[in-house]
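Chain by chain, the residues:
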Amino acid sequence: MPDATDEPRSPAAIYAAHCRAGRLAYPAAPDGTPVWPPSLVVPGTGEPVRWLQSAGRGTVYTTTALHARDAEPRNVAIVELDEGYRMMARVDGVAADAVEIGARVSVRFGDPDESGARLPYFALEPGA
Amino acid sequence: MSGLRASSAIAGAAESDLGAVAGGMRPVDLMVQASMRALADCGLTLGDVDGLFSATTQLPMAPLNLAQELGIRPRYTDATNVGGSSFMFHVDHARAAIAAGLCEVALIAYGSTQRLVGRSSASVQELDPWETPYRPVMPVTAYALAAARHMHEFGTTRRQLAEVAVSARAWAQRNPAAWSREPLSIDDVLGARMVADPLTVRDCCLVTDGGAAIVVTSAERAAALRRPPVLVLGAGEAHSHRHITGMGDLTRTAASESGARAFAEAGLAPADVDCVQLYDAFTITPILFLEDLGFCAKGDGGPFVSGGRTAPGGVLPMNTNGGGLSYCHPGMYGLLGIVEAVRQLRGEAGERQVPACEVAVAHGNGGVLSSQATLVLGTAGTA
C-alpha cells in the first residue's frame, strides 16, 4: 500500500499520491505532450516522463450506461481533458444514460476510502 | 512481398463439441476432440504433427496441455495469446515456420468451457489502476464506448447495429450446429435487455463452450491430401493497445493495417472477396472491420450492413455460420471463423453455401479491439 510519506516511484503511486492531495496529475513527454495511460516512459521514444497537473476540465469523448439486473444503471465514460489526453472516468450528478458526448465536465474527488485513496470522477459543468 | 503467398494451405479443419458440452469436460478435451477430427479430415495422423500452436483463456501454457494429451513432441511450438485473433496470428506464424523448414505439419487448436465453468472463472481479469476503479465490465464496456462514439461521429444507428445481429441469425438458421436459431428481428434486438448502452444482450455474442482445430502444411503437401487445400493467399497481423483508453480513436482499429498487409500480399482487393468471416463479439465490431478492411469507407459501415446486405442473398455474405452472435462464442472465437471460411471455400457448407466461393476473408479481433489479424484464403484455382 502506498504511504504518503514515501517518495512515490511507480506511475500508480505517483498518480494516487496526487489524487490524495486532490490533484489530477498526468505523465507527459519533455515537450509537455500527455502520456495516457500512464507509463514510466514516453511511448515511441523511451524518454522518462515528467508529471504535470491537469486543470481537471474536459469533454466527454464517449460514454455508456452499464445495466445490471438488480441495480440502477451506472456510468462509465472516457473524458478528454483539455490538456489533450483521454482517461476512463465516471460522470456523476446526472442519470447514467443522460451523459452526452461533447458535454463539458470538471473533476471532483471522492472521499478517501479505507486505504486513504481518493478516486477522481467528473461532474457536468454548470450551465453546460 | 514476403514470398509466403500461397506457400501454405489449410488441409484439415474441424469443430469440437459446441454449445453446452458434457459435464467434466476440460478445455484440453475439446482441443483433443477437434484436433483428432481435423487430422481425420485431411487424412494425417498424430505422428505427422511436428508443429503445435494453441491458446485459450483457461490454459496459459495451452500447447503443453495439448501435447501431453496427444502424446506428441513437436519440434516447433507457439502459444501466442492475443485474444480471439490468436489463431490468425498462429496461421501467419505457422506458414513462416513451414517455409523456413522449422516444421512441416502445424496443428492449431483451441478449446474453452467458459459456459460450463462460468465466464468469470474462465477469463483472468487484469487489474488496471486507471480503469478498474470505475468498474468497467469488460469487455462489453469497451465495445459500448466504441459503438457510442461511432454513432456520434458517423450517425450510425442502433437499428444498423441490430442489422448485424439479424443477419447473423439468418445465417445461423441455415447452420444445424448454431446455438441460436429462432427468428430474430431488428425490433427484437432493440427491445432486448440493455447491457451497456447502446448494446442490448442481442448485440452481444453468445457465451458458449466450444473449440476447433486446423491443420496447416505446405501447399504442395496439402495438394496430395484428401481434402481440397485452402491456400493462405495473404496474412496480416497488427495490434494497437491493451486498454481501451490506450486506443486513442475508438472508431479506427488496427484492422486497417492487418487488412492492408493481407490484401497486398494476396494481390487482391475487397471487391474480389466472395464471403467474409469477421469477428462479431458485438454488433459494432463487423461494422468497424468492414470499414477498416476497405469494404466501405470509414463511417459507412452502418449503411453497408443495412437492408440485409450481409445476410443470405445479400451482396456480401458475412459470418455465414451465424458468427459469435448466433452460432458459437467460447470466448476466443477466431479459429471458428477460419473453419467456416475453409468450409465455404471447399463448397461443403450445405444450406448456407455461398455460390462459387473462391476467395474468403477470416478476420480476427482480440482484447478490446486491440489485436487484429486478417487472412485472405482461396481455393487451389486462386494460386
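Since the model is a prediction, treat every value here as computed from it, not as a measurement.

Our next topic: the overall build of chain B. Regarding its fold elements, chain B presents 14 helices and eleven strands. What you see for chain B is a C-alpha radius of gyration of 19 Å, in line with the 21 Å of a compact globule of 383 residues. Reported as C-alpha extents along the three principal axes, the dimensions of chain B are approximately 55 × 40 × 40 Å. If you take every contact in chain B between residues at least 6 apart in sequence, the share linking residues at least 24 apart comes to 78%.

This part covers the interface of chain A and chain B. The interface of chain A with chain B comprises 22 residues on the first partner and 21 residues on the second. For the side of chain A that touches chain B, the secondary-structure elements that each account for two or more residues are α1 (11-20), β3 (57-66), β4 (74-81) and β5 (86-89) of chain A. The element that contributes the greatest number of residues to the side of chain A that touches chain B is β3 of chain A, accounting for six residues. Of the residues belonging to the side of chain A that touches chain B, the class tally is 15 nonpolar, four polar and three charged.

Residue and element names in this part refer to chain B. The domain architecture assigned to chain B consists of domain 1 (8-120 + 208-232) and domain 2 (137-204 + 234-382). Taken together, the contacts link 35 residues of domain 1 with 37 residues of domain 2. Class assignment of the residues belonging to the side of domain 1 that touches domain 2 gives a composition of 18 nonpolar, twelve polar and five charged.

Our focus in this paragraph is the nonpolar core. Residues and elements named next belong to chain B. One finds Ile108, Ile214, Leu375 and Leu377 to be the most contacted residues of the largest nonpolar core, which totals 155 residues. Mapped onto the domain boundaries, this core takes at least three residues apiece from domain 1 (8-120 + 208-232) and domain 2 (137-204 + 234-382). Apart from residues no more than four positions distant in its own chain, Leu375 is found in contact with Met88, Val91, Val232, Ala235, Ala262, Ile338, Val361 and Ala362.

Right, let's talk about helix α7 (residues 158-172) of chain B for a bit. With 15 residues, α7 of chain B ought to run about 21 Å at 1.5 Å a step, and its terminal C-alpha atoms sit 21 Å apart, in line with that. Where burial is concerned, most of α7 of chain B is hidden: 13 out of the 15 residues are buried.

Residue and element names in this part refer to chain B. Buried residues dominate strand β4 (residues 105-112), accounting for eight of its eight residues. Burial along β4 is two-sided: the residues Val105, Leu107, Ala109 and Gly111 and Ala106, Ile108, Tyr110 and Ser112 are all buried. Where strand β2 (residues 51-54) lies against β4, four bridges are found, and the strand directions are parallel. Within β4, the residue paired with Gly51 across the bridge is Ala106. In the sheet, β4 pairs with strand β7 (residues 210-218) via eight bridges, with the strands oriented antiparallel. Bridge pairing links Ile108 to Ile214 in β7.

Moving on: the sheet that holds strand β3 (residues 76-78) of chain B. Residue and element names in this part refer to chain B. Strand order in this open sheet of nine strands is β3-β2-β4-β7-β1-β8-β11-β10-β9, and the pairing throughout is mixed. Both outer strands of the open sheet, β3 and β9 (275-278), are each paired with one neighbouring strand and no more. Averaged over neighbouring strand pairs, the angle between their axes works out to 25° when direction is ignored. Strands β1 (8-15), β2, β4 and β7 of the sheet are contacted by helix α1 (residues 27-42), whose axis makes an angle of about 40° with β7.

What follows covers the environment of Ala165 of chain B. Residues and elements named next belong to chain B. Turning to its location among the elements, Ala165 is positioned in helix α7. Exposure remark for Ala165: the 27 C-beta atoms within 10 Å place this residue in the buried category. When the C-alpha atoms of Ala165 and Phe282 are compared, they prove to be 8.6 Å apart, with 117 residues separating the residues in sequence. Apart from the residues within four sequence positions on either side, Ala165 is in contact with Leu184, Val189, Arg202, Asp203, Thr283 and Leu325.

Moving on: the environment of Cys328 of chain B. Residues and elements named next belong to chain B. Here Cys328 shows up in the loop between α13 (323-327) and α14 (334-346). For the pair Cys328 and Trp179, spaced 149 residues apart in the sequence, the C-alpha separation amounts to 6.1 Å. Setting aside its immediate chain neighbours within four residues, Cys328 contacts Leu18, Gly19, Trp179, Leu206, Thr208, Gly210 and Leu336.

The next thing to look at is the pairing of β1 of chain B. Residues and elements named next belong to chain B. Within β1, eight of the eight residues are buried, which leaves the element mostly enclosed by the surrounding structure. Direction of pairing for β1 relative to β7: antiparallel, over a ladder of seven bridges. Counted as the bridge partner of Ser8 is Ser218 from β7.

All names here are of chain A. If you check which residues of α1 are buried, you get Tyr15, Ala16 and Cys19. Along the axis of α1, the buried positions cluster into a sector of 95°, meaning they face one direction only. Elements in contact with the buried residues of α1: β1 (25-28), β7 (104-109) and β8 (120-124). Note on α1: the residue one or two positions beyond its end, Gly22, has a positive phi of about 75°.

All names here are of chain B. Residues Met138 and Pro139 are joined by a peptide bond in cis, for which omega reads 10°. Here Pro139 is to be found in the loop between α5 (119-122) and α6 (140-154). Although it is not a glycine, Ala356 adopts a positive phi angle of roughly 50°. Its location among the elements puts Ala356 in the loop between α14 and β10 (359-366). Using a count of 8 C-beta atoms within 10 Å as the deciding quantity, one classes Ala356 as exposed. Unusually for a residue other than glycine, Leu369 sits at a positive phi of about 60°. Tracing the backbone shows Leu369 in the loop between β10 and β11 (371-378).

Definitions and cut-offs
Residues numbered from 1 in each chain as written. Chains lettered and ligands numbered in written order. Predicted model: local features only at pLDDT ≥ 70, side-chain atom pairs only at ≥ 80, totals over all residues. Helix = DSSP H or I, 4+ residues; strand = E, 2+ residues; numbered from the N terminus. Rg over C-alpha atoms; globule rule 2.2 N^0.38 Å. Contact = placed C-beta atoms within 7 Å. Nonpolar A, V, L, I, M, F, W, Y, C, P; charged D, E, K, R; others polar. Domains from an automatic or database assignment. Core = buried A, V, L, I, M, F, W, Y, C linked by C-beta atoms within 7 Å. Buried ≥ 20, exposed ≤ 12 C-beta atoms within 10 Å, placed from the backbone. Expected span 1.5 Å × (residues − 1). Pairing = 2+ DSSP bridges. Axes fitted to C-alpha atoms, helices over the stretch in contact; angles between N-to-C directions. Arc of directions from axis to C-beta.

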